[in-house]
Amino acid sequence: MSFLAIKDIHHTYFTKASATTALSEISLQIEEGEFVSFLGPSGCGKTTLLSIIAGLIKPTQGTILLEKKPITGLKNQIGYMLQQDYLFPWKTIEENILLGLKLSKQLNEKTKNAALDLLNQMGLSGIETQLPKQLSGGMRQRAALVRTLATEPKLLMLDEPFSALDYQTKLKLEDLVSNTLDSFGKTAILVTHDIGEAIAMSDRVVLFSPSPGRIHRIFDMPDELRSLTPFHARNHEAFSGIFQTIWKELDSLETGKK
Amino acid sequence: MKQEKNSVNLLHKNYLHSLTIQKRWVRFYQIVIFLLFFSSWEISSQQRWIDPLLFSSPSKIWKLFLEKIQDGSLMSNLGVTLTETIFGFLLGTLLGTILAAVLWWSPLLSKIVDPYLVILNAMPKVALGPILIVSLGPGYPSIIAMGAIISVIITTIVVYTSFKEVDPNYLKVLQTFGATRLQCFKEAILPASFPTIISTLKVNVGLSWVGVIVGEFLVSSRGLGYFIIYGFQVFNFTLVFLSLLVIAVVATIMYQLVELLEKKLIKE
């Protein structure tokens with residue numbers, strides 16, 4: 001039995017005008033410590049699936065099991081990072097990163113120190129009393145990562161967390177997130193529309209086809225890329241070959257639609 | 001290089017100087033309007049171009065002002081009105097915010113009461129005055145209620161709208177931490193709407209003056225509203241104008257204080 005089991009998920013959105021099937025027949029197993037990317041054209045239900053796995057949306061059909069237990073009712077097992085940092089502007093950085101601990105009543109001297117240590121490791125020391133608006137975009141996203149990791153989630157969801165950053169910051173942050181997750185042995189799912197990012201960061205890339213969202217194909221990344229940091233993986237000779245393969249598949253999906 | 005820097009400095013100096021000059025002119029015309037208004041009032045009253053019985057004159061009002069200060073009646077009545085107004089607008093803002101929170105809590109309830117809110121908002125609240133006085137008695141409670149009721153519905157509508165407009169992604173962050181609805185309200189909804197609540201406070205200051213003065217008209221026992229209605233009944237319009245001017249000054253000061261509070265609370 002795998003760490004995370006996604007079993008036969010269907011999801012339909014209802015509006016007054018129509019019923020739109022966003023996801024259909026999604027089944028996937030993810031092992032502990034694995035890094036999986038969801039890649040696909042917009043409107044293929046990647047973010048919906050992420051919300052379902054996180055227990056934020058109840059699927060029309062199907063179940064999600066985390067360590068053999070249904071996901072509903074599990075609290076703080078899953079960390080979620082959004083496209084923007086969504087740090088609360090009226091809270092200081094310290095208040096922001098301790099928010100998850102406070103809400104789940106796990107806040108004590110030990111967990112607080114652990115969170116502040118993590119902030120230091122991310123290269124964000126001495127900013128605890130500052131407000132989010134005083135930091136740069138990259139720093140804010142790092143603080144948001146600390147906030148997500150502070151509750152020690154078993155599974156991390158990354159919903160295009162680098163898409164709002166400039167390219168250089170994005171590359172640096174990819175390395176930082178990848179190293180941090182490796183050192184904590186965390187399982188992570190990344191939603192992205194950036195092929196390069198998916199290849200550089202993941203162990204497996206799941207390609208989705210749109211309307212309704214289905215799993216089109218799963219690519220296993222070769223070991224030589226997995227062992228490298230994202231920045232170095234981008235420069236590896238195997239990288240461009242895989243990039244071309246996935247690019248063609250993605251392209252065929254989009255032309256096939258027309 | 002040095003010369004260039006000097007010329008920039010000079011330009012900047014000139015710019016600052018032009019700003020000061022403009023500011024002075026604005027202030028000058030403001031004072032001119034003030035003096036022109038009161039002096040023409042005084043002269044036309046003395047020359048009997050306007051009826052001094054109806055329109056009084058600044059000198060008479062000033063004399064009455066000193067008189068009323070000396071016998072202490074102005075201060076005591078101002079105190080009454082001021083207390084009622086402060087309680088009225090605080091109560092109105094507080095109740096409105098609480099109502100908005102209840103509506104946010106239950107989307108179904110908010111759908112159900114929506115038409116009633118529209119009706120209550122459209123209704124002239126001062127028309128409720130007689131009923132309030134009959135039910136709460138002719139004293140502080142009914143006048144404070146007037147001051148509050150006039151602002152409570154509009155506060156509810158404005159604050160509720162701001163609650164609904166909080167970026168849902170903040171709630172998503174909280175929900176991933178397993179936050180309850182109460183926690184979501186405390187951590188995101190309320191603090192994000194704080195600027196709106198403070199700005200309704202500013203509007204409510206003005207509204208509460210209306211409610212309280214009308215309330216004092218009706219109860220007619222104390223306060224500046226009572227001064228106005230009494231002055232009207234005995235044809236002492238100097239008293240009416242005195243009350244009006246005092247209200248104008250005090251209401252302005254109150255508004256400025258709330259604005260100061262706004263600047264302090266919202267450090268942006």
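Just so you know, these numbers come straight off a predicted model, no measurement behind them. (Residues numbered from 1 in each chain as written. Chains lettered and ligands numbered in written order. Predicted model: local features only at pLDDT ≥ 70, side-chain atom pairs only at ≥ 80, totals over all residues. Heavy atoms only, no water.)

J.: Describe the domain arrangement of chain A, and please don't skip the residues or the numbers.
T.: All names here are of chain A. On domain assignment, one finds that chain A holds domain 1 (4-77 + 155-257) and domain 2 (87-152). Tallying the contact residues gives twelve residues for domain 1 and 13 residues for domain 2. The junction of domain 1 with domain 2 conceals about 1,000 Å² of combined surface from both sides, 75% of it contributed by carbon and sulfur atoms. Counting across the interface, domain 1 meets domain 2 through zero salt bridges. Seen at the junction of domain 1 and domain 2, the total is one residue pair in polar contact (both at pLDDT 80 or more). (Domains from an automatic or database assignment. Contact = heavy atoms within 4.5 Å. Buried area = accessible area lost by both parts, 1.4 Å probe. Salt bridge = Lys/Arg side-chain N within 4 Å of Asp/Glu carboxyl O. Polar contact = N/O pair within 3.5 Å; in protein donor to acceptor, adjacent residues only side chain to side chain.)

J.: Please give an account of the interface of chain B and chain A that cites residues and values.
T.: Facing the 18 residues of chain B at the interface are 24 residues of chain A. Overall, the association of chain B and chain A removes approximately 1,800 Å² of surface from exposure, summing both partners, and the carbon and sulfur fraction of that is 65%. Area buried by chain B at its contact with chain A is led by Tyr-170, Phe-177 and Glu-187 of chain B, which between them contribute 39% of it. Where chain B touches chain A, the interface holds two salt bridges. Among the ionic pairs, Glu-187 of chain B bridges to Lys-91 of chain A, the shortest N-O distance being 2.5 Å.

J.: Tell me what's going on with the side chain of Thr-187 of chain A, and back it up with residues and numbers.
T.: Residues and elements named next belong to chain A. Following the sequence through the fold, Thr-187 ends up in strand β8 (residues 187-192). Among the polar contacts made by the side chain of Thr-187, one reaches the main-chain amide nitrogen of Gly-33 at a distance of 2.9 Å. What Thr-187 contacts, discounting residues up to four positions off in sequence, is Phe-3, Ile-30, Glu-31, Glu-32, Gly-33, Glu-34, Lys-154, Leu-155 and Leu-156. (Helix = DSSP H or I, 4+ residues; strand = E, 2+ residues; numbered from the N terminus.)

J.: I'd like a rundown of the domain arrangement of chain B, residues and numbers included.
T.: One frequent convention defines the size of an interface as the accessible area lost when the parts assemble. Each domain of chain B was delimited in the assignment, giving domain 1 (2-46) and domain 2 (59-265). Summarising the inter-unit geometry, the C-alpha centres of domain 1 of chain B and domain 2 of chain B are found 36 Å apart.

J.: Describe the nonpolar core, and please don't skip the residues or the numbers.
T.: All names here are of chain A. Of all hydrophobic cores here, the largest spans 55 residues; its most connected members are Leu-4, Phe-38, Ile-53, Leu-155, Met-157 and Ile-189. With residues up to four places along the chain from it excluded, the contact list for Leu-4 reads Leu-28, Gln-29, Ile-30, Ile-53, Ile-64, Leu-65, Leu-66, Leu-155 and Ile-189. Core analysis: the next-biggest nonpolar cluster, separate from the first, contains 31 residues, Ile-97, Ala-144, Leu-181 and Leu-190 among them. (Core = buried A, V, L, I, M, F, W, Y, C linked by side-chain atoms within 4.5 Å. Buried < 20%, exposed > 50% of the residue type's maximum accessible area, 1.4 Å probe, protein only.)

J.: Give a description of helix α5 (residues 137-150) of chain A that names residues and reports values.
T.: Residue and element names in this part refer to chain A. When the terminal C-alpha atoms of α5 are compared, their 20 Å separation across 14 residues agrees well with the 20 Å that a helix rising 1.5 Å per residue should span. Buried residues dominate α5, accounting for ten of its 14 residues. Looking at α5, one finds that the buried residues are Gly-138, Gln-141, Ala-143, Ala-144, Leu-145, Val-146, Arg-147, Thr-148, Leu-149 and Ala-150. Of the residues one or two after α5, Glu-152 is the one with positive phi, at around 50°. (Expected span 1.5 Å × (residues − 1).)

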